[in-house]
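Descriptive analysis of the structure
Given next are the chains, with one letter for each unit.
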Amino acid sequence: MDIDGVEHNKTIINQVSANSNSGIATLPGKIKFKDLDGDGYITENDRMVIGNTNPKVQGGFGLNGQWKAFDLNMNFVYMLDFDVNNATSYTLAASEGNNRKFYNALAEFADKGWRYTRDIDGETMYKAYFIDGSVDMYRELNEGRTLWNPADVTTKITHSYFIEDGSFLRCQDMTVGYTLPDNLTQKIGISRARFYVSASNLFIITGYSGYDPEVDIQTGLTPGMDYNR
């Protein structure tokens with residue numbers, strides 16, 4: 001994504017001034033895919049397995065405790081070392097599916113995504129080679145930006161940026177109870193009375209950036225695929 005040399009970049013800007021049906025013309029800052037077979041082209045031969053939706057370890061455990069008349073019961077489930085395809089985030093980092101227009105983006109692209117236009121006047125800087133110092137302005141506009149411009153992504157291609165570790169620990173349910181003293185219940189002819197409150201899916205500990213890493217697993221058809229689930 002680095003821009004090196006004013007004269008060199010003037011040449012690049014002149015060469016990419018025309019757009020095509022596939023999106024904005026090739027520029028520094030567009031998304032780049034690795035040429036795995038080394039033939040100089042990005043083709044189907046450069047595909048590879050980039051994730052596994054099956055957890056290596058999964059299970060659950062419970063905790064029970066009592067203090068005086070209070071009691072506590074908690075149940076947990078966990079899955080470790082599996083991948084989730086965060087397709088929701090992918091959609092918010094692409095113009096695909098919006099008639100090849102771009103309406104929304106993840107917040108991280110506001111600070112890190114490559115830019116082509118200036119806020120001050122909407123000038124398209126990569127075409128502004130007729131403006132003195134345009135290359136320096138283009139460089140300054142994108143200083144420190146490390147992500148592609150979402151408007152460039154117009155075709156669905158699964159890639160590694162949105163494959164995330166879905167490992168998690170979930171509190172599946174928790175119950176807190178209180179048993180009334182015997183001297184109170186016996187007065188009204190009750191041998192034992194217990195009041196309790198219960199909650200399910202109380203919290204989850206995970207590094208996954210989406211809403212819930214345990215997504216679509218119950219269907220068995222699209223495990224680990226998170227698309228507005």
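Figured I'd write up the structure that's included with this text.

What counts, and at which threshold
- Within each chain, residues carry numbers counting from 1 in the order of the written sequence.
- Given that the model is predicted, a residue must reach a pLDDT of at least 70 before its local features are reported, and side-chain atom pairs must reach 80 or more before they are shown or counted; all residues, however, enter totals for whole chains, interfaces and linings.
- As a rule here, side-chain values cover all heavy atoms of the structure and leave hydrogens and water aside.
- Between buried and exposed lies partly exposed: a residue is buried under 20% and exposed over 50% of the maximum accessible area for its type, with that area taken using a 1.4 Å probe on protein chains only.
- Working definition: helices are DSSP H or I runs of at least four residues, strands are E runs of at least two. Numbering for both runs from the N terminus.
- Working definition: the arc comes from the directions between the helix axis and the C-beta atoms, pointing outward to the latter.
- The criterion used for residue contact is that any of the two residues' heavy atoms lie within 4.5 Å.
- Working definition of a nonpolar core: buried Ala, Val, Leu, Ile, Met, Phe, Trp, Tyr and Cys residues. They are joined through side-chain atoms within 4.5 Å.
- If DSSP finds at least two bridges between two strands, the strands pair.
- Ring pairs are drawn from Phe, Tyr and Trp, using the six-membered ring of Trp, whenever the two centres fall within 6.5 Å, and their geometry is named by plane angle: stacked under 30 degrees, edge-to-face over 60, tilted for the rest.

**As for helix H4 (residues 134-141)**
Within H4, burial applies to Ser-134, Val-135, Tyr-138 and Leu-141. When H4 is viewed along its axis, its buried side chains cluster within an angular range of 120 degrees and face the same direction.

**Some remarks on the environment of Cys-171**
For Cys-171, the location among the structural elements is in strand E5 (residues 168-179). Considering only alpha carbons, one finds Cys-171 and Asn-201, 30 residues apart in sequence, at a separation of 5.8 Å. Excluding anything up to four places from it in sequence, Cys-171 contacts Met-74, Asn-75, Phe-76, Asn-201, Leu-202 and Phe-203.

**Here we look at the nonpolar core**
By size, the foremost hydrophobic cluster in this structure holds 9 residues: Tyr-90, Ala-93, Ala-94, Leu-106, Phe-109, Leu-147, Trp-148, Val-153 and Phe-162. Excluding its chain neighbours within four sequence positions, the residues that come into contact with Tyr-90 are Val-153, Thr-155, Lys-156, Ile-157, His-159 and Phe-162.

**Focus on the sheet that holds strand E3 (residues 83-86)**
One open sheet accounts for 3 strands, arranged E4-E3-E7; its pairing is mixed. Lying at the two open borders of the sheet, with one neighbouring strand each, are strand E4 (163-165) and strand E7 (225-226). Across 3 bridges, E3 lies against E4 in antiparallel orientation. For Val-84, the partnering residue across the bridge sits in E4 and is Glu-164.

**Some points on the packing of aromatic side chains**
For the structure shown, the criterion picks out 12 aromatic pairs. Here Phe-61 and Phe-76 contribute two aromatic rings whose centre-to-centre distance is 5.0 Å and whose plane-to-plane angle is 15 degrees, an arrangement assigned as stacked. With Phe-61 in strand E1 (residues 57-67) and Phe-76 in strand E2 (residues 70-80), the pair connects residues that are 15 residues apart, well separated along the chain. Seen from their ring centres, Tyr-90 and Phe-162 are 5.8 Å apart, and the 85 degrees between their planes marks the pair as edge-to-face. With Tyr-90 in helix H2 (residues 87-91) and Phe-162 in the loop between H4 and E4, this residue pair connects regions lying 72 residues apart in the sequence. Residue Tyr-90 shares its accessibility class with Phe-162, and that shared class is buried. Through successive ring pairs, a cluster of aromatic residues spans Tyr-90, Phe-109, Trp-148, Tyr-161 and Phe-162.

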